[in-house]
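A closer look at the structure
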Amino acid sequence: MARSVGAAAATLPDAKLACDVLWLAVPDDAVEDVSRTLASRAELPPVILHASGALSSRALAALAERGIQTGSAHPMMTFVAGEPPSLQGAWFAVEGSAAAVRAARVIARKLGAHSFTVEPGSKILYHAFGAMLSPMLATELEAAERVGLRAGISAKDVRSIMEPIVLRTVKNVLRNGAGKSFSGPLARGDVRTIAGHLESLGNSPEALVYRALTEYATEMLPVKHSDEMKKLLRAARTRKTRVKK
């Protein structure tokens with residue numbers, strides 16, 4: 001990997017660190033340990049950032065005590081094996097000392113991305129936001145795919161059938177917001193249809209996803225006959241509890 005970008009791999013004890021900015025891309029649980037290890041080095045770059053979305057620059061406290069300008073720069077983008085992402089147009093959440101934030105903004109700009117500042121105390125909530133935008137969205141689509149397969153749609157066709165409606169829904173929400181993009185039986189107030197969905201899903205894992213999303217929708221989105229929908233959902237929860245017992 002290092003060779004492919006014209007770099008040379010090195011271990012932490014042997015790394016030369018001859019740079020203006022060091023950007024740590026290590027697991028969240030390793031950030032503080034790496035910070036402490038680096039702090040014992042005689043010579044360090046003037047600016048050190050980490051790439052964690054959940055941790056603030058406080059995780060680099062050992063380096064800050066050495067007088068290093070510390071911060072964090074997290075790209076709001078999904079990274080999965082076999083699918084190299086483009087950071088063009090992506091957004092970086094940055095925070096830390098003034099010098100570290102300036103360096104982080106330069107990195108983002110050179111990658112063709114945008115940047116915005118986030119309060120250190122809000123990093124974990126910001127990261128939850130990101131989790132809901134990608135891995136949890138993928139989780140919901142996985143549940144939907146499984147329901148489609150149970151409905152008799154072939155594995156060969158199911159994702160092709162999903163693609164147009166998913167892409168259109170995402171575009172609508174990003175342009176107009178969820179309220180104006182909300183459709184289907186909840187928006188129409190078709191209580192019997194929702195009851196049929198719940199019955200057909202039974203006690204499957206997908207039923208948990210469906211109920212959770214329906215409950216949220218009845219509280220936050222323009223659902224007709226919402227009181228009847230809530231009553232239906234309470235009854236479904238009660239039946240589920242009885243089955244467990």
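For the structure, see preceding data.
Everything numeric here is computed off the predicted structure, so don't read it as measured data. (Residues numbered from 1 in each chain as written. Predicted model: local features only at pLDDT ≥ 70, side-chain atom pairs only at ≥ 80, totals over all residues. Heavy atoms only, no water.)

1. Quick word on the packing of helix H9 (residues 191–201) against helix H10 (residues 205–220)
Geometrically, a packed helix pair is captured by the angle between its two axes and the distance between the axes. Two numbers describe how H9 lies on H10: the axes approach to 9 Å, and their chain directions differ by 155°. When the interaxial angle is binned, H9 and H10 end up roughly antiparallel. Of the residues in H10, those touching H9 at Ile-194, His-197, Leu-198 and Leu-201 are Glu-206, Ala-207, Tyr-210 and Arg-211. (Axes fitted to C-alpha atoms, helices over the stretch in contact; angles between N-to-C directions. Helix = DSSP H or I, 4+ residues; strand = E, 2+ residues; numbered from the N terminus. Parallel < 35°, antiparallel > 145°, perpendicular 65-115°, else oblique. Contact = heavy atoms within 4.5 Å.)

2. Concerning the environment of Ala-108
Positionally, Ala-108 belongs in helix H3 (residues 98–110). Note: C-alpha distance between Ala-108 and Phe-79 (29 residues apart in sequence) is 16 Å. If we ignore the near neighbours within four places in the chain, the residues touching Ala-108 are Phe-92, Ala-113, His-114 and Ser-115.

3. Topic: the packing of aromatic side chains
Enumeration according to the criterion identifies three aromatic pairs in this entry. Note on Phe-116 and Tyr-126: the rings are 6.1 Å apart at their centroids and 65° apart in plane angle, and the pair reads as edge-to-face. Taken together, the residues span a long stretch of sequence, with Phe-116 in strand S5 (residues 114–117) and Tyr-126 in helix H4 (residues 123–133) at a distance of 10 residues. For Phe-116, a relative accessible area of 28% corresponds to the partly exposed category. Among the residues examined, Tyr-126 registers a relative accessible area of 7% and is labelled buried. An aromatic cluster of three or more residues is present, and its members are Trp-91, Phe-116 and Tyr-126. (Phe/Tyr/Trp six-rings, centres within 6.5 Å; stacked < 30°, edge-to-face > 60°. Buried < 20%, exposed > 50% of the residue type's maximum accessible area, 1.4 Å probe, protein only.)

4. Things to note about the side chain of Ser-115
Structurally, Ser-115 can be placed in strand S5. A polar side-chain atom of Ser-115 sits 2.8 Å from a polar atom in the side chain of Arg-105. In contact with Ser-115, not counting residues within four places along its chain, are Trp-91, Phe-92, Val-94, Arg-105 and Ala-108. (Polar contact = N/O pair within 3.5 Å; in protein donor to acceptor, adjacent residues only side chain to side chain.)

5. Overview of the sheet that holds strand S3 (residues 69–75)
Judged by pairing direction, the sheet is mixed, and its five strands sit side by side in the order S1-S2-S3-S4-S5 without closing on themselves. What marks the edges here is a single partner per strand, and that holds for strand S1 (21–24) and S5. The mean inter-strand angle of the sheet, taken between neighbouring strand axes irrespective of direction, is 30°. Examined bridge by bridge, strand S4 (residues 91–96) and S5 share four bridges and lie parallel to one another. Paired with Ala-93 across the two strands is Phe-116, which belongs to S5. Where H4 meets the sheet, its contacts fall on strand S2 (47–50), S3, S4 and S5, and the angle it forms with S3 comes to roughly 20°. (Pairing = 2+ DSSP bridges.)

6. Quick notes on the pairing of S3
With respect to burial, S3 is a largely interior element, six of its seven residues being buried. Where S2 meets S3, four bridges bridge the pair, whose relative direction is parallel. When the sheet's bridge partners are listed, His-50 is paired in S3 with Ser-72. Sheet topology note: the S3/S4 ladder contains five bridges and is antiparallel. From the neighbouring strand, Ala-73 faces S4, where its bridge partner is Val-94.

7. Considerations on the nonpolar core
Leu-24, Leu-38, Ile-48 and Leu-63 are the most contacted members of the largest nonpolar core, which has 15 residues in total. The greatest single-element share of this core, amounting to four residues, is contributed by helix H1 (residues 31–39). Ile-48 has contacts with Leu-22, Leu-24, Leu-60, Leu-63, Ile-68, Gln-69, Thr-70 and Gly-71, leaving out every residue within four places of it along the chain. In terms of nonpolar packing, the next biggest core, distinct from the first, is built from 14 residues, Val-47, Val-94, Ala-104 and Ala-113 among them. (Core = buried A, V, L, I, M, F, W, Y, C linked by side-chain atoms within 4.5 Å.)

8. As for the pattern of salt bridges
Taken as a whole and judged by the stated rule, the model has nine salt bridges. Linking Glu-32 and Arg-36 is a salt bridge whose minimum nitrogen-to-oxygen distance equals 3.7 Å. Placement of the pair is Glu-32 and Arg-36 together in helix H1, with a separation of four residues, close to one helical turn. Of the charged contacts, one joins Glu-145 and Arg-159 as a salt bridge, the two residues approaching to 3.2 Å between their closest N and O atoms. One end of the pair, Glu-145, is in helix H5 (residues 135–150); the other, Arg-159, is in helix H6 (residues 158–176), with 14 residues separating them in the sequence. (Salt bridge = Lys/Arg side-chain N within 4 Å of Asp/Glu carboxyl O.)

Note that all results are geometric; they support no functional claim without further evidence.
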